[in-house]
Amino acid sequence: MSRNAQPQPSPSEVAASLPPIGTALARGAMGRCPCCGQGKLFNGYLRLADECSHCHTPLGRIRADDAPPYFTILIVGHVLVPLVFLVEKAWYPPMWLHMAVWLPLFAILSAAFLRPTKGATVAWMMRLGLIGTEHGAQIPVPTARPVAPGDA
Ligand SMILES: [Zn+2]
């Protein structure tokens, strides 16, 4: 994570700087910064860049965790599973042929959809103000213990 002298924008400042949700999701899906659409969102296949190279929006602290694989499985499953059933019902191919065709196709499509899905998920999270913290949490960690009833 890069350390620069500029203060990091707050989650509400980042959310306010984003374009409409459809534009932000499209930019994220194309691997571009959801805020400006110019800088790169990724530094590698799935690793987020620390910050946008164009508008310096902090990106690297956002933790999408399991959401992109979940959405990828949802999308690819809804595309391919009906085709599997259709082919089975129409031609009754042997099971080895199903495995030889569908398993690589699931793997290839999942790998192809994972990055755009992660980009769109990150854009959605930014829109919701979930930009992460230095501690890795999505919600800022409280610095003081909350006051309980009876504490003086
Ligand atoms: Zn940017």
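Scroll up to find the structure this text is about.
Residues numbered from 1 in each chain as written. Predicted model: local features only at pLDDT ≥ 70, side-chain atom pairs only at ≥ 80, totals over all residues.

**Student:** So what's going on with the overall build of the protein chain? Which residues, and what values?
**Tutor:** Check the secondary structure of the protein chain and you find four helices and zero strands. Reading the secondary structure of the protein chain in the N-to-C direction produces α-α-α-α. The buried share among the 152 residues of the protein chain stands at 22%. If you take every contact in the protein chain between residues at least 6 apart in sequence, the share linking residues at least 24 apart comes to 58%. (Helix = DSSP H or I, 4+ residues; strand = E, 2+ residues; numbered from the N terminus. Buried ≥ 20, exposed ≤ 12 C-beta atoms within 10 Å, placed from the backbone. Contact = placed C-beta atoms within 7 Å.)

**Student:** Now, about the environment of Val79: what can you tell me, with residues and values included?
**Tutor:** Mapped onto the elements of the fold, Val79 is located in helix H3 (residues 67-91). Owing to 13 C-beta atoms within 10 Å, Val79 belongs among the partly exposed residues under this scheme.

**Student:** Can you break down the packing of helix H2 (residues 21-29) against helix H4 (residues 95-127) residue by residue, with the values?
**Tutor:** Running from N to C, H2 and H4 cross one another at 140°; their axes reach a closest spacing of 6 Å. The two elements H2 and H4 cross, and the hand of that crossing is right-handed. Residues Ile21, Ala24, Leu25, Arg27, Gly28 and Ala29 of H2 form the contact with H4, whose own contacting residues are Pro116, Gly119, Ala120, Val122, Ala123, Trp124 and Arg127. By residue class, the composition of the contact of H2 with H4 is nine nonpolar, two polar and two charged. (Axes fitted to C-alpha atoms, helices over the stretch in contact; angles between N-to-C directions. Left-handed = near helix turned anticlockwise from the far one by under 90°. Nonpolar A, V, L, I, M, F, W, Y, C, P; charged D, E, K, R; others polar.)

**Student:** If you had to explain the packing of H3 against H4 to someone new, which residues and values would you point to?
**Tutor:** Axis separation between H3 and H4 bottoms out at 8 Å; the angle between their running directions is 140°. For the element pair H3 / H4, the angle class is oblique. Classified by chirality, the crossing of H4 by H3 is right-handed. The residues of H4 that touch H3, namely those facing Ala67, Pro68, Pro69, Phe71, Thr72, Ile75, Val76, Leu80 and Val84, are Trp102, Leu105, Phe106, Leu109, Ser110, Phe113, Leu114, Thr117, Lys118 and Thr121. Looking at the contact of H3 with H4 residue by residue, the classes come out as 14 nonpolar, four polar and one charged. (Parallel < 35°, antiparallel > 145°, perpendicular 65-115°, else oblique.)

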